[in-house]
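Structural features, examined
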Amino acid sequence: MLNHNIETVPRLYRIARPGGRYARALDVLRRSREIAPSIPTKSGLMVGLGEEWDEVVATLRDLRDAGVSIVTIGQYLRPSLANLPMVRYYTPDEFAELKRIGLELGFGHVESGPLVRSSYHAHEQTESYESGNRVIG
């Protein structure tokens, strides 16, 4: 499996990932699917940096369009005062709704919750994806 985290929505990308480019991150994921279509791709998204709900859903769509099979969605928690402040805390119901939306968009597996991180239950994510016997592209 190849993992490359998108991290945040396009509008906040330059703030959250200085030096990073949203389109380039999507391109890495898309190209990996073209080069090795049998290798599933995974990406992670943090929420709570000031993004709007529609921006999160649009980012999930972008990830699916790039062929991502597994997505993790977790709450941004400010590690130190030197890092960006947390703007909003998402509720468990909102995380559940994002999971539902992700599955509806066609992701083979979605982990969504306040403490979810990219590596969160990675082995279980892979097993869940593989047990679905899906080819998601």
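Above: the structure in question.
In short, a report on the structure. (Residues numbered from 1 in each chain as written. Predicted model: local features only at pLDDT ≥ 70, side-chain atom pairs only at ≥ 80, totals over all residues. Heavy atoms only, no water.)

**A closer look at the pairing of strand S3 (residues 70-75)**
Applicable threshold: Under the scheme applied here, a residue whose accessible area is under 20% of the maximum for its type counts as buried, over 50% as exposed, and between as partly exposed, the area being computed with a 1.4 Å probe on protein chains only. Secondary structure counts use DSSP, requiring at least four H or I residues in a row for a helix and at least two E residues in a row for a strand, with both numbered from the N terminus. Between any two strands, pairing holds if DSSP finds at least two bridges. With the strands aimed away from the viewer, a crossover counts as right-handed if its path from the first strand over the helix to the second runs clockwise.
Counting buried residues in S3 gives six out of six residues, a clear majority hidden from the surface. The two faces of S3 match: Ile70, Thr72 and Gly74 on one face and Val71, Ile73 and Gln75 on the other face are all buried. Relative to S3, strand S2 (residues 41-47) runs parallel, the two being bridged by six bridges. Its bridge partner lying in S3, Val47 is registered against Gln75. With helix H3 (residues 53-65) bridging S2 and its parallel neighbour S3, the resulting β-α-β unit is right-handed. Here S3 pairs with strand S4 (residues 109-113) via five bridges, running parallel. Bridge assignment links Ile70 to a residue of S4, and that residue is His109.

**Quick word on the side chain of Glu55**
Here is the rule we go by: Polar contacts, as used here, are pairs of N or O atoms within 3.5 Å; protein pairs need one atom able to donate a hydrogen and one able to accept it. Residues neighboring in sequence count only if both atoms are side-chain atoms. We call two residues in contact when some of their heavy atoms are within 4.5 Å.
Within the secondary structure, Glu55 sits in helix H3. Under the relative-accessibility criterion, Glu55 is labelled buried at 18%. Of the polar contacts made by the side chain of Glu55, one reaches the backbone nitrogen of Glu52; its length is 2.7 Å. Every residue in contact with Glu55, bar those within four places of it in the chain, is listed here: Val9 and Arg11.

**A few points about H3**
Residue pairs spaced three or four apart in an α-helix point in one direction, given the helix's 3.6 residues per turn. In plain terms, the rule: Between the first and last residue of a helix there are one fewer steps than residues, each counted as 1.5 Å, and that sum is the expected span.
Over its 13 residues, H3 extends 19 Å from the first C-alpha to the last, a length consistent with the 18 Å expected when each residue adds 1.5 Å. For H3, the set of buried residues is Glu55, Val56, Val57, Thr59, Leu60, Leu63 and Arg64. In this structure, the buried side of H3 is in contact with helix H2 (22-35), S2, S3 and helix H4 (92-105).

**What about unusual backbone geometry?**
In terms of backbone geometry, most residues other than glycine have negative phi values and most peptide bonds are trans. Residues other than glycine seldom take positive phi values, yet Glu7 does so here, at roughly 75°. Its location among the elements puts Glu7 in the loop between strand S1 (2-3) and helix H1 (13-16).

**Quick look at the nonpolar core**
Just so we agree on the cut-off: Among the buried residues, those of types Ala, Val, Leu, Ile, Met, Phe, Trp, Tyr and Cys that are joined through side-chain atoms within 4.5 Å form a nonpolar core.
Among the nonpolar cores identified, the biggest contains 26 residues, and Ile6, Val56, Leu60, Leu63, Val71, Ile73 and Phe107 are the most heavily contacted of them. Looking at this core, the elements that each hand over two or more residues are H2, S2, H3, S3 and H4. If sequence neighbours within four positions are ignored, Val56 has contacts with Val9, Leu45, Val47, Glu51, Tyr90 and Leu98.

**Observations concerning the environment of Ser112**
Along the chain, Ser112 turns up in strand S4. Between the alpha carbons of Ser112 and Leu45 there is a distance of 9.4 Å; along the sequence they are 67 residues apart. For Ser112, the contacting residues outside a window of four places in its chain are Ile73, Phe95, Leu98 and Lys99. Here the side chain of Ser112 touches Phe95 through a polar contact of 2.7 Å, landing on its backbone oxygen.

**Things to note about the pattern of salt bridges**
Going by this rule: By definition, a salt bridge exists where a carboxyl oxygen of Asp or Glu is found within 4 Å of a side-chain nitrogen of Lys or Arg.
All told, the structure shown has seven salt bridges when counted by the stated rule. Notably, a salt bridge pairs Glu7 with Arg17, separated by 3.4 Å at the nearest N-O pair. With Glu7 in the loop between S1 and H1 and Arg17 in the loop between H1 and H2, the pair connects residues that are 10 residues apart, well separated along the chain. Residue Glu104 is joined to Arg100 by a salt bridge in which the shortest nitrogen-to-oxygen separation is 2.8 Å. Of this pair, Glu104 and Arg100 are both found in helix H4, four residues apart, which corresponds to roughly one turn of the helix.

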